[in-house]
Amino acid sequence: MTNDNPNSPHLNRRSLLGAAIMGLAAAPFAGIGSAAAQAAKTGKQLPAVKRGTHTSFKPLKQINAGDLSVAYAEDGPANGPVVLLLHGWPYDIYSYVDVAPLLASAGYRVIIPYLRGYGDTRFLSDTTPRNGQPAALATDIIDLMNALKIEKAVVGGYDWGGRTADILAAIWPERVKALVAVSGYLIGSQEGNRMPLPPKAELEWWYQFYFTTERGRLGYDKYRHDFAKLIWKLASPKWNFDDATYGRSAKAFENPDHVAITIHNYRWRLELALGEPKFDELEKRLAQGPTISVPTITMEGDANGAPHPDPKAYAKKFTGKYEHRLIAGGIGHNLPQEAPRDFAQAIIDADAMAR
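S.K.: Requested: an account of the overall build of the protein chain, with residues and values cited.
M.R.: If you tally the helices and strands in the protein chain, you get 15 helices and 10 strands. Evaluated residue by residue, the protein chain yields a buried proportion of 61% over its 355 residues. Counting only contacts in the protein chain whose residues sit at least 6 apart along the sequence, the fraction spanning at least 24 positions is 82%. Of the roughly 14000 Å² that the protein chain leaves accessible, carbon and sulfur atoms contribute 53%.

This is how it looks when you write it as structure tokens:
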């Protein structure tokens, strides 16, 4: 979870607090409207799909890329325009199990990697630091694109994947044709995390503080299945997912590096764990809150139980063609899995914006 930096100096903290405690306002504002209204402006419309229609991918593929051997799902024609979809914590590639077939049927080549610490993705060396800092995750994706000889892609994500997608678009805009980012602008920094929030807002981040302790590391390791399931319920309070749906994703958390990556990520945010020096320059650039110029659609569910910023607080971070879509119907934090048609349509529409 934690799909944004709660204390980023580049976002309005008062707006963020209001969003975290009260939820997003439904009223549209400049540049923001309903999914239906925005979709009417674009081309190809996707058919309706019931979430949970698909329960598996084609056999996964594996490729060495940078520090990792990356496991990934692929769908669609090999010569189609590329869409790269990135999952969050504690989720996995099954967030896109209904999205991928929709995009494949529209002619896209869809790539969905397991991030470091998930599924069958593995480190190539036992000596590589099990580093969860944002710069490392973003660099993994650039390495993957290079290994697959993908010059440019439409990139989409939520939670950790949304932050990674934002970083790619901000730092490597020449590699990102268009962006779909759930919960908008999520780039943050250690410096931004130094400022405390009011008590009610801090409560939303209870697990982050739990992970700073040795008890928290041991607890997450011992109870990771139940812990992640609790996060799912808190983050998507109106999504009545079944045990089979959760079980398919929970297997990804059995990765031998999952706990180490998770704990390092949250400790790094609070300056309680060091990053790797090779990422220092990149983190300095990210700490400046770089704007994103590629065509972008940001999205939010109307029932997101995780901390998330008010879209008005970040709209100006997107300096190119831009839309925001609020998805109604009790949609929570895992928007692609809960509203697959809306997410897939946003990918197609963002791609159209880039033409």
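S.K.: Can you explain a nonpolar patch on the surface? Please cite residues and give values.
M.R.: There is a patch of nonpolar side chains on the surface, built from Leu203, Trp206, Leu230 and Leu234 and spanning about 370 Å² of accessible area. As for its position among the elements, Leu234 is in helix α9 (residues 224–235). With a relative accessible area of 40%, Leu234 lands in the partly exposed category.

S.K.: Account for unusual backbone geometry, naming residues and giving values.
M.R.: The residue after Trp89, namely Pro90, is reached through a cis peptide bond having omega -10°. Take Pro90: it is sitting in the loop between β4 (82–86) and α3 (99–105). With phi around 55°, Asp159 is a residue other than glycine that occupies positive phi space. You can see Asp159 is positioned in the loop between β7 (153–157) and α5 (160–171).

S.K.: So what's going on with the packing of aromatic side chains? Residues and values would help.
M.R.: Overall, the coordinates contain 30 aromatic pairs when judged by the stated rule. Of the aromatic side chains, those joined through ring pairs into one cluster are Trp89, Trp160, Trp205, Trp206, Tyr207, Tyr210, Phe211, Tyr220, Phe227 and Tyr266. Across from the ring centre of Tyr185, 5.0 Å away, lies the NZ or CZ of Lys317, which sits over that ring.

S.K.: Which residues make up the packing of helix α4 (residues 134–147) against α5, and what are the values?
M.R.: Axis separation between α4 and α5 bottoms out at 9 Å; the angle between their running directions is 70°. Taken together, α4 and α5 sit at an angle that is classed as roughly perpendicular. Note that α4 runs across α5; the crossing there is right-handed. Between α4 and α5, the residues in contact are Pro134, Leu137, Ala138, Ile141 and Ile142 and Trp160, Arg163, Thr164, Ile167 and Leu168, respectively. For the contact of α4 with α5, the per-class residue count stands at 8 nonpolar, 1 polar and 1 charged.

S.K.: For the side chain of Glu74, give the residues involved together with the corresponding values.
M.R.: Assignment of secondary structure puts Glu74 in strand β3 (residues 68–75). Glu74 sits in the buried class, given a relative accessible area of 13%. Looking at Glu74, its side chain comes within polar contact range of the side chain of Lys61, at 3.1 Å. A polar atom in the side chain of Glu74 sits 2.7 Å from the side chain of Arg109. Beyond its immediate sequence surroundings of up to four residues, Glu74 is in contact with Lys58, Lys61, Arg109, Val110 and Ile111.

S.K.: Describe the pattern of salt bridges, with residues and values.
M.R.: Inspection of the entire model under this criterion finds 15 salt bridges. Notably, a salt bridge pairs Lys278 with Asp67, separated by 3.3 Å at the nearest N-O pair. Pair noted here: Lys278 is in the loop between α11 (258–269) and α12 (280–287) and Asp67 is in the loop between β2 (61–65) and β3, with a separation of 211 residues, a long-range link. On the basis of relative accessibility, which here comes to 52%, the residue Lys278 falls in the exposed class. Residues joined in a network through salt bridges with shared partners are Lys61, Glu74 and Arg109.

S.K.: An account of the confidence of the model for the protein chain is requested, with residue identities and associated values reported.
M.R.: With 88% of its residues at a pLDDT of 70 or more, the protein chain shows a mean pLDDT of 90. Contacts of residues 2–42 to residues separated by more than four positions or lying in other chains number 106 contacts, the stretch itself having pLDDT below 50.

S.K.: Break down the environment of Arg248 for me, with residues and values.
M.R.: Of note, Arg248 is situated in helix α10 (residues 243–250). Remark: the alpha-carbon pair of Arg248 and Ser56, spanning 192 residues in sequence, is separated by 8.8 Å. If we skip the residues at most four places from it in the chain, Arg248 touches Thr55, Asp92 and Tyr94.

S.K.: Any details on the nonpolar core? Residues and values, ideally.
M.R.: Of all hydrophobic cores here, the largest spans 106 residues; its most connected members are Leu85, Trp89, Leu103 and Phe343. Counting residues per element, this core draws most heavily on α4, which supplies 8 residues. Apart from the residues within four sequence positions on either side, Phe343 is in contact with Leu85, Tyr96, Val99, Gly156, Gly157, Val180, Val182, Met299, Leu335 and Pro336.

S.K.: Talk me through the pairing of strand β10 (residues 322–327); I want residue IDs and the actual numbers.
M.R.: Within β10, 5 of the 6 residues are buried, which leaves it mostly tucked inside the rest of the structure. As defined by bridge partners, strand β9 (residues 296–301) adjoins β10 across 6 bridges and the pair is classed as parallel. What sits directly across from Thr298, in β10, is His324.

S.K.: Just give me the short version of the environment of Pro295, but keep the residues and values in it.
M.R.: Structurally, Pro295 is set in the loop between α12 and β9. Separated by 28 residues in sequence, Pro295 and Glu323 have C-alpha atoms that sit 8.7 Å apart. Not counting residues up to four positions away in its chain, the partners in contact with Pro295 are Lys177, Ala178, Leu179, Lys321, Ala350, Met353 and Ala354.

Conventions used here
Residues numbered from 1 in each chain as written. Predicted model: local features only at pLDDT ≥ 70, side-chain atom pairs only at ≥ 80, totals over all residues. Heavy atoms only, no water. Helix = DSSP H or I, 4+ residues; strand = E, 2+ residues; numbered from the N terminus. Buried < 20%, exposed > 50% of the residue type's maximum accessible area, 1.4 Å probe, protein only. Contact = heavy atoms within 4.5 Å. Areas by Shrake-Rupley, 256 points an atom, 1.4 Å probe, with all protein chains shown as cover. Patch = residues over 30% accessible without salt bridge, like charges linked within 9 Å, V, L, I, M, F, W, Y side chains within 5 Å. Salt bridge = Lys/Arg side-chain N within 4 Å of Asp/Glu carboxyl O. Phe/Tyr/Trp six-rings, centres within 6.5 Å; stacked < 30°, edge-to-face > 60°. Lys NZ or Arg CZ within 6 Å of the ring centre and 35° of its normal. Axes fitted to C-alpha atoms, helices over the stretch in contact; angles between N-to-C directions. Parallel < 35°, antiparallel > 145°, perpendicular 65-115°, else oblique. Left-handed = near helix turned anticlockwise from the far one by under 90°. Nonpolar A, V, L, I, M, F, W, Y, C, P; charged D, E, K, R; others polar. Polar contact = N/O pair within 3.5 Å; in protein donor to acceptor, adjacent residues only side chain to side chain. pLDDT = per-residue confidence, 0-100. Core = buried A, V, L, I, M, F, W, Y, C linked by side-chain atoms within 4.5 Å. Pairing = 2+ DSSP bridges.

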